[in-house]
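Examining the three-dimensional arrangement
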Amino acid sequence: MRKHVRDLYVAIFRFDAPSCNNTTMNPQFSKIYRFSNFTSQIINRRSRKHELAKLLQSPSTTDNPNSYFKTVHGQIIVSGSQSDTLLANILIKSYSKCDNLTYARTLFDEMPERDISSWSSMISSYTQHGYSEEAWTIFLMFQRSSNKIPNEYVLASVISATTQLGNVVKGSQLHSLVVKTGLDQDIYVGTSLVDFYSKINKIEDARLIFDYLPIKNARTWTTIIAGYSRVGKSEVSLQLLTQMKENNVVPDRYVLSSALTACSIIGFFKGGKQIHGFVLRREASMDISVSNALVDFYVKCGEVKTGRKIFDHMEFKNVISWTTMISGYMQNLFDKEAMNLFIEMSKNGWKPDGFACTSVLTSCASLEALDPGRQIHCYTIKTNLEKDEFVNNSLIDMYSKCNCLIDARRVFNGIQNHKVIGYNAMIEGYCRHENLHEALDLFHEMRVKSIDPSLLTFVSLLGVSASLTTLELSKQIHSFIIKFGISLDVFAGSALIDVYSKCSFTSDARKLFDEMPERDIVIWNAMISGYTHVSESENAIKLYQELQLTYQKPNEFTYVALITASSNLVSLSHGHQFHTQILKTGLNLDPFVTNALLDMYAKCGSKKEAQNLFNSTFFKDIVCWNSMISTYAQHGDAKESLKLFKKMINEKIQPNYVTFIAVLSACDHMGLVKEGFDHFSTMGKFGISPGVEHYACMVSLLGRAGRVYEAKEFIEKLPIRPPAVIWRSLLSACGVVGNVELGKYAGEMAILNDPKESGSYVLLSNILASKGMWSEVKKVREKMEGNGVVKEAGCSWIEMNNEVHVFIARDKSHREADLIYSVINNLIDHVRTHQTLV
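Residues numbered from 1 in each chain as written. Predicted model: local features only at pLDDT ≥ 70, side-chain atom pairs only at ≥ 80, totals over all residues. Heavy atoms only, no water.

1. What about the overall build of the chain?
When its secondary structure is counted, the chain shows 46 helices and two strands. Every one of the 838 residues in the chain was classed for burial, and the buried ones make up 45%. Taking all contacts inside the chain whose residues are at least 6 apart in sequence as the whole, residues at least 24 apart take part in 58%. (Helix = DSSP H or I, 4+ residues; strand = E, 2+ residues; numbered from the N terminus. Buried < 20%, exposed > 50% of the residue type's maximum accessible area, 1.4 Å probe, protein only. Contact = heavy atoms within 4.5 Å.)

2. Focus on the packing of aromatic side chains
One pass over the full model with this rule turns up 26 aromatic pairs. Between F297 and Y298, the aromatic rings sit 4.9 Å apart at their centres with planes inclined by 65°, giving edge-to-face as the arrangement. Assessed through its relative accessible area of 0%, F297 is described here as buried. The class of Y298 is buried, set by a relative accessible area of 4%. With a centroid separation of 5.8 Å and an interplanar angle of 50°, the aromatic rings of F660 and F686 are classed as tilted. In this pair, F660 sits in helix α38 (residues 657-670) while F686 sits in the loop between α39 (673-681) and α40 (692-704), placing the two residues 26 residues apart along the sequence. The partly exposed category is assigned to F686, whose relative accessible area is 25%. Sitting over the face of the ring of F513, R519 holds its NZ or CZ atom 4.5 Å from the ring centroid. (Phe/Tyr/Trp six-rings, centres within 6.5 Å; stacked < 30°, edge-to-face > 60°. Lys NZ or Arg CZ within 6 Å of the ring centre and 35° of its normal.)

3. Remarks on the confidence of the model for the chain
Mean pLDDT over the chain stands at 79; residues scoring 70 or higher make up 83%. Within the model, the stretch residues 1-42 combines pLDDT values under 50 with 16 contacts to residues more than four positions away or in other chains. (pLDDT = per-residue confidence, 0-100.)

4. Observations regarding the environment of S729
Looking at the element boundaries, S729 is found in helix α42 (residues 724-737). Taking C-alpha positions, S729 is 7.8 Å from G703, a pair spaced 26 residues apart along the chain. Those residues in contact with S729 that sit more than four places away from it in its chain are A696, V699 and S700.

5. Observations concerning the packing of helix α32 (residues 556-569) against helix α33 (residues 572-585)
With their axes 9 Å apart at the nearest point, α32 and α33 run at an angle of 160° to one another. What the angle tells us is that α32 and α33 run roughly antiparallel. Where α32 crosses over α33, the two elements pack in a sense that is left-handed. On α33, the residues touching Y559, L562, I563 and S566 of α32 are H574, G575, F578, Q581, I582 and T585. Considered class by class, the residues forming the contact of α32 with α33 number five nonpolar, five polar and no charged. (Axes fitted to C-alpha atoms, helices over the stretch in contact; angles between N-to-C directions. Parallel < 35°, antiparallel > 145°, perpendicular 65-115°, else oblique. Left-handed = near helix turned anticlockwise from the far one by under 90°. Nonpolar A, V, L, I, M, F, W, Y, C, P; charged D, E, K, R; others polar.)

6. Observations concerning helix α34 (residues 591-603)
Between its first and last C-alpha, α34 extends 18 Å over 13 residues, near the 18 Å set by a 1.5 Å rise per residue. For α34, the set of buried residues is V593, T594, N595, A596, L597, L598, M600, Y601 and A602. Buried residues belonging to α34 abut α32, α33, α35 (607-616) and α36 (622-634). Between a side-chain oxygen at the N-terminus of α34 and the backbone nitrogen of F592 the separation is 3.0 Å; the capping residue is D590. Downstream of α34 by a residue or two, G605 has a phi angle that is positive, lying close to 80°. (Expected span 1.5 Å × (residues − 1). Polar contact = N/O pair within 3.5 Å; in protein donor to acceptor, adjacent residues only side chain to side chain.)

7. Here we look at the nonpolar core
Within the largest apolar cluster, 113 residues are counted, with the highest numbers of intra-cluster contacts made by F139 and I224. Every residue in contact with I224, bar those within four places of it in the chain, is listed here: V194, I203, A206, R207, F210 and L240. If you look at the next biggest cluster of nonpolar residues, it comprises 87 residues, including V522, I563, L642 and A750. (Core = buried A, V, L, I, M, F, W, Y, C linked by side-chain atoms within 4.5 Å.)

8. Regarding the state of the cysteines
What the rule picks out here adds up to zero disulfides. With no disulfide partner, C404 has as its closest neighbouring cysteine sulfur the one in C402, 6.4 Å distant. (Disulfide = S-S within 2.5 Å.)

This is how it looks when you write it as structure tokens:
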């Protein structure tokens, strides 16, 4: 700014400049002429700036505001005002209003000078659109690069972002900063803090801040009332509502809706009626959200007729109104009324959403009304609701209760990404019709896909009320079973072993396994898989040796776990032994076994055997193709990998998400940039949306080719928030090409996104160390220690006499540690002696 002013004075008072088209002009007049001419230019420029600002702030009648703001932005650039801070701030807000945060951020990054309003606008834009991490990042940038004190708007916005993140530590730090800046009594900052503490269930702290505020607006009252409603303190909400009226602050729809919701949750009928009375006394037409809340309140309190009366008297209704009433009928077992209202809703031109369809399908299931259920199914297909998880589960439940298991299974098979709720619905349907074989097959499928069973899974299968998704809850269920003398059956026992193992409590899992009075192959598989899951592969193989001494016969799941254990140990000899046993038992045709064998040979470095197995496999599913494509890629044979991918396409095998990870990895290993981008662009043709793994491959591909700045640009244009793994790919590439500046940036972003991952710190410190920047290396190490991150120790192992020996640096846990270190010391002394003689 000072330079700008200095240049302005130079331009005004440079009298030695030639006159404009008049060489004989009087010198004094010439000076005045030039001054007045420049002054008029300044006035015109100011006028133009005022006009552009007015264009940005005035509402546009265009249907495309984004295009409108871009046009005005272009005029700003043409007029030479692109460095004007005021116009840039207005533009950031304008782009934010039309959801174009990319342009807003680009503009923000290119601003030569930023004032406090610039930072506030950018933080507020990210917060309003739910990009809380980005808002926090901008705030950190503000603290590092600006010497300005954050004002109330900056603090209010960043506190709201922290609230969205639910980060207690960051919120507490911001509260301390608020107190230091003396803005703890500001209404905007105070309201944001009240909202933060109420949403992290510290309602007492929220109340202290609320009471301390000298001025409170409607939003402040709404926030504290909603906070008490959220924690179920309906009485306090009503008391605050009374105080609000006494302070001449009119409760808005948010306050009333929040209080009604609280009354609904705890069944506080008297309180809800008081709110209803207050609304009626206002002698004004009720807001639609308040009316919906009243309907919801009455139906949840069992007053269905009163809820319907309010519904019928509503002057305006929306989809939520109809859905609330239909759901109310269903919850109170008025199933026929729910179905009739659904039909009425459709006749009146409303389009029922997923919630309405779910409710009415539940009523159809209760009434075993198959024909209406089929009609609703057709409607969900026409309105693209067939992908809705809750709709699909209700359809499965409806068909199974209407004795149409084939149709229920057809719906289940049509679900792309199965979750536990879908499995539970289908398993319950099979169990209801005593089709246990199909139910158990689905249960096995859940376990193979690592989908943890829930309480309903075991209630349906075993009649035991149990949920095994957490270790603590699993132990409680286990204690309950023991307390009442209920013997563990196969499924409950295997599920408990599975959970203990996945939580790394293999000792507890083994204790339970040893206590089982009867063990079938499912129990053995659970324990073997448990060892494999936590990389205790040696114990898995030892347990298999015990299994061979019993009458139990290993099945495909047993061998999949054992082959995985061989892969973890990189033990080709064990893999060969298990492969031989599989051929003897005839399980080599199972696709899961084949895919596990392919993976094992690939990890053991035996590409030729993997290729022979692939060629000899009669039935190849997509997993089998993926395994072989990945094998070629891992061994640096990208040409064969891409050739096999082309062959798969020619055989009409539909590639999936994993296929393209393998293909892009192959291109990455060989530096095939063009081919990589060609395959990346074709993913959409197969209906596959790129994911984090694909993006990471593309970044690595560009990085290996030395095009690190293109990789950075690629990351910044991603449609998702780049996770740490993508930044680590760029960081690794910067280490290869020796780009310290970009490497530091990629390292900071990786650490910011995942501060507990040791790899980011190690990669960054290695780059800095390679350039002799030891002070920077020290800072990275200190930051790593400050965040409590510990680098995972590397290990080596060797197999001798069918036993694997594992060695870790400075570890002396091996039983022959003293002898081993003695030999190492002798070798070191021998080397030193040899060097001295030389």
